[in-house]
Each structure stands twice: as C-alpha cells, then as structure tokens.
Amino acid sequence: MCIRDRSVTIMTNGKKMTENRNLDVDVLEDEIREFRGTDKINEVEFKNNKIKKIDGLFVAEGIATSIDLARKIGAVIEENNIKVDENMETAIKKIEDMSLNAWPSHKMELYDGWILRFSYFYTHRTNSVEQFGNSTLTWREKIPYCESVYKRLGTPAVFKISPLVSPDFDYVLENRGYAIQHTTNVMAMSMNAARLDTPYPDVTFCDNIPSEWIESLFRLKNTTNPIHRKVVPSMYQAILKETICASIRMDNQIIATGLGILDRDYIGIYAIHVKEEYRKHGYARQICTGLLKEGMKKGAQNAYLQVVEGNDNARVLYKSLGFHQLYTYWFRVQPDENGNFPPEK
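Residues numbered from 1 in each chain as written. Predicted model: local features only at pLDDT ≥ 70, side-chain atom pairs only at ≥ 80, totals over all residues. Heavy atoms only, no water.

### Some remarks on the pattern of salt bridges
Proximity of charged atoms lets side chains of opposite charge pair with each other. Following the criterion strictly, the structure yields 16 salt bridges and no others. Of the charged contacts, one joins Lys93 and Asp97 as a salt bridge, the two residues approaching to 2.9 Å between their closest N and O atoms. Of this pair, Lys93 and Asp97 both sit in helix α2 (residues 88-102), separated by four residues, roughly a single helical turn. Assessed through its relative accessible area of 23%, Asp97 is described here as partly exposed. Among the ionic pairs, Lys275 bridges to Glu277, the shortest N-O distance being 3.5 Å. Three or more residues are tied together by salt bridges with common partners; here these are Glu96, Arg117, Glu130 and Lys160. (Salt bridge = Lys/Arg side-chain N within 4 Å of Asp/Glu carboxyl O. Helix = DSSP H or I, 4+ residues; strand = E, 2+ residues; numbered from the N terminus. Buried < 20%, exposed > 50% of the residue type's maximum accessible area, 1.4 Å probe, protein only.)

### A look at the side chain of Ser247
By secondary structure assignment, the location of Ser247 is in strand β15 (residues 243-250). Exposure remark for Ser247: the relative accessible area of 11% places this residue in the buried category. Ignoring anything within four residues of it in the chain, the contact list for Ser247 reads Asp202, Val203, Thr204, Trp213, Ile254, Ala256 and Thr257. (Contact = heavy atoms within 4.5 Å.)

### Some points on the packing of helix α7 (residues 283-297) against helix α8 (residues 312-321)
Two measures define how a pair of helices packs: the angle their axes make with one another and the distance between the axes. Relative to each other, α7 and α8 sit at 40°, their axes nearing to 11 Å. Looking at the two axes, α7 sits oblique to α8. The interaxial crossing formed by α7 with α8 has right-handed handedness. Here α7 contributes Ala284, Arg285, Cys288 and Thr289 to the contact with α8, which in turn contributes Leu317, Tyr318, Ser320 and Leu321. (Axes fitted to C-alpha atoms, helices over the stretch in contact; angles between N-to-C directions. Parallel < 35°, antiparallel > 145°, perpendicular 65-115°, else oblique. Left-handed = near helix turned anticlockwise from the far one by under 90°.)

### Describing the nonpolar core
Judged by nonpolar contacts, the single largest core of 33 residues is most densely connected at Ile95, Trp213, Val232, Tyr236, Leu259, Tyr304 and Tyr327. Elements supplying a minimum of two residues to this core: α2, β13 (179-190), α5 (211-221), α6 (226-237), β16 (253-263), β17 (266-274) and β19 (324-333). Every residue in contact with Tyr327, bar those within four places of it in the chain, is listed here: Met88, Ile92, Ile95, Glu96, Pro163, Thr184, Asn185 and Val186. If you look at the next biggest cluster of nonpolar residues, it comprises 31 residues, including Met189, Ile248, Tyr278 and Cys288. (Core = buried A, V, L, I, M, F, W, Y, C linked by side-chain atoms within 4.5 Å.)

### Here's the deal with the environment of Leu116
As for its placement among the helices and strands, Leu116 is situated in strand β10 (residues 114-118). A C-alpha to C-alpha distance of 6.7 Å links Leu116 and Glu130, two positions 14 residues apart in sequence. Leave out the neighbours within four places in its chain, and Leu116 touches Lys107, Met108, Glu109, Tyr111, Ser128, Val129, Tyr145, Cys146, Val149 and Tyr150.

### A closer look at the packing of aromatic side chains
In total, this model carries 16 aromatic pairs according to the counting rule given. Residues Trp139 and Phe169 carry aromatic rings whose centres are separated by 5.2 Å and whose planes lie at 70° to one another, so their mutual orientation is edge-to-face. Here Trp139 is found in helix α3 (residues 139-153), whereas its partner Phe169 is found in helix α4 (residues 167-175), with 30 residues between them in sequence. Taking relative accessible area as the criterion, Trp139 reaches 31% and is therefore assigned partly exposed. Over the ring of Tyr111 we find Lys142, and its NZ or CZ is 5.6 Å from the ring centre. Over the face of the ring belonging to Tyr329 we find Lys160, whose NZ or CZ atom lies 4.1 Å from the ring centre. (Phe/Tyr/Trp six-rings, centres within 6.5 Å; stacked < 30°, edge-to-face > 60°. Lys NZ or Arg CZ within 6 Å of the ring centre and 35° of its normal.)

### Some thoughts on the confidence of the model for the protein
When pLDDT drops low, the exact placement of atoms in the prediction is not to be read closely. Across the protein, the average pLDDT comes to 81, with 74% of residues at 70 or higher. For residues 54-86, every residue scores under 50 in pLDDT, and the model assigns this stretch 107 contacts once sequence neighbours within four places are set aside. (pLDDT = per-residue confidence, 0-100.)

### A short note on the layout of surface pockets
Computed from the structure, the largest pocket encloses a volume of approximately 1400 Å³. Taken together, 40 residues make up the lining of the largest pocket; nearest its centre are Ile272, His273, Asn311, Ala314 and Tyr318. Elements that contribute at least two residues to the lining of the largest pocket include exactly β13, α5, β16, β17, α7, β18 (302-308) and α8. With six residues, β17 is the single largest residue contributor to the lining of the largest pocket. (1 Å grid on protein atoms, 1.4 Å probe; cavity = no way out; pocket = protein on both sides within 12 Å on 5 of 7 lines; lining within 4 Å. Points joined across faces, edges and corners; volume = space filled by probe spheres on them.)

### Looking at the pairing of strand β9 (residues 107-111)
Sheet topology places β9 next to β10; five bridges connect them, and they run antiparallel. Residue pairing across strands places Glu109 opposite Leu116, the latter belonging to β10. What sits between β9 and β10 in their antiparallel hairpin is a turn of two residues, with Asp112 showing a positive phi close to 50°. (Pairing = 2+ DSSP bridges.)

Encoded structure:
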C-alpha cells in the first residue's frame, strides 16, 4: 500500500473488498484501485475507471497495512477490517485529552498549540511533544525550537504521532532522521459490552495513591533511576481526576498493581503490573475486572486503555474483557549527534 498526499491508494493483494451498505456496485477481487478522502472515504475508483461516491461507513477486508490507513483517515481497526467513521476524529480527540489529564508530566510548556512535556525521559508519553490546538507558526520554526528545549533539558526530542497529526508532519520528522519507537494501541469499549464475570477477592481498592503503591510499582517495573524515583511520585499526586488505586498483596508485599482514572463518562485503565513469579495466575484479570466494576459504580459508561505493540499477552487479556482496537499512535525520536537512539522503554 502507498499513501499519496491527498488520497489513499490501496493495493488489495488479491483480497476481496466489500461494502457494508447496499451500494449499486459489485466489488470484486482486485477491482478497487483508489479511495479518495481526507476525514472519511468519500469516493472509490475502480480499475475500469468507474467512480462510486461513498457517504458514510465503508469496510475494507483483508488489508494488512491497517495502521497506515488509520493514520491517514482515522479508522477503527478490528482484526483485518478497517471501519471508517466520520465521528472517529471526535472519539480520538476525547481519549487523547483524557490521557493527558490522566498522566501529568513533571514539567510542561505550552507553545503555539503544542505542549512540551518533560519528565527526565521516564516514559515516552510524559517526555514528548503533543499537538492539541491550532498553530500559527511553521513546522520549520517549531521543530528546531522543540529540539533546543529538550537538548537543554538533556533528553532527545520526542514527538507523539496520533491519527490527529498530519501524516506530512510524520514524514518531515522521518526526513530529519527521527525513528519510530513505542508504537502503542489504544483500546476501548462500552461497559455494555464488557465481560466482567471474574471474581476479584484478592484485590484491595483505595481512592488515593499511597506512597507504598508507588514504591511497589517501582519495584515491579525495576525502576532504579534515582531521579525518576524522586520526581514520579509528584506526577502521580498531580493527577486531578478521581482515581481508583488497586493492588494485590502476597506475603505482606504488593505483587500486582492497577490504576483507574475517571474522566467524563470513561474510566482509563493504567499501571497494570504483576510481579514476574506471580504472572499467569489471573491477577491482572482480577485487577482489571475490579477497576472496571468500581468505575461503573462511579458512573463510568465506557473504558479505554493503552497497550504497547508486541505485548500480546496483555492484548489477549483486554480483548477477552471486551476491549477492541480503536487507534494506534507512535513516537518519533530524535537521534543523537552520533546517530544513535535511546533504548525503548
């Protein structure tokens, strides 16, 4: 598949393309040549040069490069199906806003519709540039400025690339030598579709985030950097939204953690970690189920979470609870003067 500046071209590789509406057109193997549209698909061109206008939802089956398509037009990706919805941008914007609320950085700067986040590179999310509003300055001016800020702070410049960000911006960073790191899938669900039949007798909940919980999280994540251990507790304490803190104890120590953050009609699920020797005993499922049910008691009607690409065990767990793939984002990371990149976290 290739992506053009103002359209999307999909090579079907022999797969059948089907529409989910009663359109007056036969869609056969290898017949579709091009989709046109920006916010949504509004036109389809077939190889016989016939053009059909599409208004609304279109399903394309069997496309392997779904992330690229999602990045261009905003799409719900379910397995090998792409569902393009004109309301997708609104849904992504809502979750992006809530994820910013859920995880404050140690330091932040607002800059012409961008937010520069800094946390001594504890995570990519809390140490990157995010675009949240309209810009008046050019990328040519803004990117070097961000690079200079992060250089002064002692970390590489990192930019978050979500489907809300122009693909051209991603290409600009690629041409500057930036690499993709920490590709992350955002999953969501309506509580009406949740499968929460697992009991959770081992889980303890509290409304605040105790220092013992944070110390246990450091231990579970093997966080030894003294600067991180110093500043991260203040980041958790800076969360303004209502929280539900979950933990499981064994032998008088916390061996599993989870955090629910309530925002609007959603609960965000964060910090799911289980001590290695206690994994595959259902503790993560207990914590997730408990957080979701406690969130429902507090009015949550929907849920979202983020899982790093490659964490297949977590993805299987979340799908079994009812979560589905919503969209994907990644980070563009600046190389150092020797062309090297920081290790992925």
